[in-house]
Amino acid sequence: MDKGSSAAVRAPERARDELGKPTALLDLSNFDINAVLRGMQLTLVGAHRALQNPAMFTSDHYKQAAYAVAVGIAIRLVVSIPIAMVKITIWLLSLFVSLETVTWDNSLINGLDFMAEYVLQIPFFLMVLMRYMVPTLDNLFMQSLHWVDLTYTQKHKHDDQGQLRGLYYPNFSQYGGATTVNAKKNATWTAAYAFLNRYGRKALLSLAIFALSHVPVVGKFVLPAASFYTFKQAVGTGPAIVIFGTGIFLPRRFLVIFLQTYFSSRSLMRELLVPYFSRVHFTKDEKRNWFRNREGVLFGFGLGFYILTRVPLVGVLIYGIAEASTAYLVTKITDPPPPVSEARQYAQSQQIWRNKHEILSLSLANLDILQTPSSTDTMH
């Protein structure tokens, strides 16, 4: 075949490729909107299920609830102290210099408040840090997992027991790493150090991006570019381009809140899943695949609770409910665990969310109808 004929044959192929590019650019398969909405729905369903658990209303949990509210008040005080000090300094300055005709004092106070709440996310940081200082949330997760199993078996007590899904609590209670007091303390400190390291890097990056956004001329492109980079892998190139183009015309304040809400929702979800990942040990790649396969529903679940945790004073209390609700979520996005002797095979098998289509398509009232066989059955 001569060169002219080869070019003629390749021309239609190139045309088909070009026609296919817009579809690829707009592909949202990695961040299904339906999955995000289902995740937000599971926020409410999970919270409702958790609050039905009688074990949530014991004297110990009442003490924890009161402690959580007290911590919430303390967090608000810690955040407000620097702003209060600035206000006192400005007041002292006003005794010697007239500030009636200037507005920089109000701008400074509002700017500090915005930096603490959204750029550095200090209230969110202090709230999440509490799980490492008072590590009782793991027990709350396991209690809720036991309650989910109990309500499931009661709901299907008249069904064929051989067709029901396996239970989560009995085998998960056998999973885990550290058993001695010292080992648990070391594991807690290691996890706390990793959290502080992650937050420190994100805080520095947020400060750098926020500072660069004030640079003349190029500054208005910094936050949209950060948005594009953030969302490219999550939702695809096409939607990320739309976000970039829209971001150029949006106020800086809105873009900062938008980006930090996204990052904080994802961070919150990872922290809520600590009890699960402390028992099921994945390699780095396996864990990345696990999150990637469930990205939409995890973001929706995390976003729902992130919004609720921003309620002043009771945010820490909501965080405890979120942890309890995560147990319900785990039973919908993972398979029941096999005996601990098969933990490694189980971790490998969970990289794929096998019942994704069913969970996303069923109505909320019928989620428990889905009867997932034990992962032991799927591995053999």
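This structure is a prediction, so every number in the text was calculated from the model and none was measured.

Now for the overall build of the chain. Counting its regular elements, the chain contains 18 helices and 0 strands. Counting every position in the chain, which comprises 380 residues, the buried fraction comes to 41%. Surface accessibility of the chain: about 20700 Å² in total, with carbon and sulfur atoms responsible for 65%.

Once that is clear, we can look at the packing of helix α11 (residues 252–272) against helix α14 (residues 295–309). Interhelical geometry of α11 versus α14 gives an angle of 100 degrees and a closest axis separation of 8 Å. Overall, the two elements α11 and α14 adopt an arrangement that is roughly perpendicular. Note on element contacts: α14 touches α11 through Glu295, Leu298, Phe299, Phe301, Gly302, Leu303, Phe305 and Tyr306, opposite Thr261, Tyr262, Ser264, Ser265, Arg266, Leu268, Met269 and Leu272. Classifying every residue of the contact of α11 with α14 gives 10 nonpolar, 4 polar and 2 charged.

Its 15 residues give α14 an end-to-end C-alpha distance of 21 Å, which sits within 8% of 21 Å, the value for a rise of 1.5 Å per residue. The element α14 is largely enclosed, with a buried count of 13 among its 15 residues.

Before going further, it helps to examine the packing of aromatic side chains. Within this structure, the stated rule accounts for 15 aromatic pairs. Ring geometry for Tyr175 and Tyr346: centres 6.4 Å apart, planes at 85 degrees, overall edge-to-face. Taken together, the residues span a long stretch of sequence, with Tyr175 in the loop between α7 (169–172) and α8 (181–212) and Tyr346 in helix α16 (residues 343–349) at a distance of 171 residues. Overall, Tyr175 belongs to the buried group, its relative accessible area being 6%. Judged by its relative accessible area of 0%, Tyr346 is buried. Arg270 extends its terminal NZ or CZ atom over the ring of Phe291, reaching a point 4.1 Å from the ring centre. Taking NZ or CZ as reference, Lys287 lies 4.7 Å from the ring centre of Phe277, over its face.

All right, on to the confidence of the model for the chain then. Low pLDDT means the predicted coordinates in that region are not meant to be read closely. In this model, the chain carries a mean pLDDT of 77, and residues with pLDDT of at least 70 account for 75%. Element-level pLDDT for the chain is lowest in helix α1 (residues 3–25), with a mean of 43, against a maximum mean of 92 in α16. Counting interchain partners and residues more than four positions distant, the pLDDT-below-50 stretch residues 1–23 has 3 contacts.

Cut-off values and rules
Residues numbered from 1 in each chain as written. Predicted model: local features only at pLDDT ≥ 70, side-chain atom pairs only at ≥ 80, totals over all residues. Heavy atoms only, no water. Helix = DSSP H or I, 4+ residues; strand = E, 2+ residues; numbered from the N terminus. Buried < 20%, exposed > 50% of the residue type's maximum accessible area, 1.4 Å probe, protein only. Areas by Shrake-Rupley, 256 points an atom, 1.4 Å probe, with all protein chains shown as cover. Axes fitted to C-alpha atoms, helices over the stretch in contact; angles between N-to-C directions. Parallel < 35°, antiparallel > 145°, perpendicular 65-115°, else oblique. Contact = heavy atoms within 4.5 Å. Nonpolar A, V, L, I, M, F, W, Y, C, P; charged D, E, K, R; others polar. Expected span 1.5 Å × (residues − 1). Phe/Tyr/Trp six-rings, centres within 6.5 Å; stacked < 30°, edge-to-face > 60°. Lys NZ or Arg CZ within 6 Å of the ring centre and 35° of its normal. pLDDT = per-residue confidence, 0-100.

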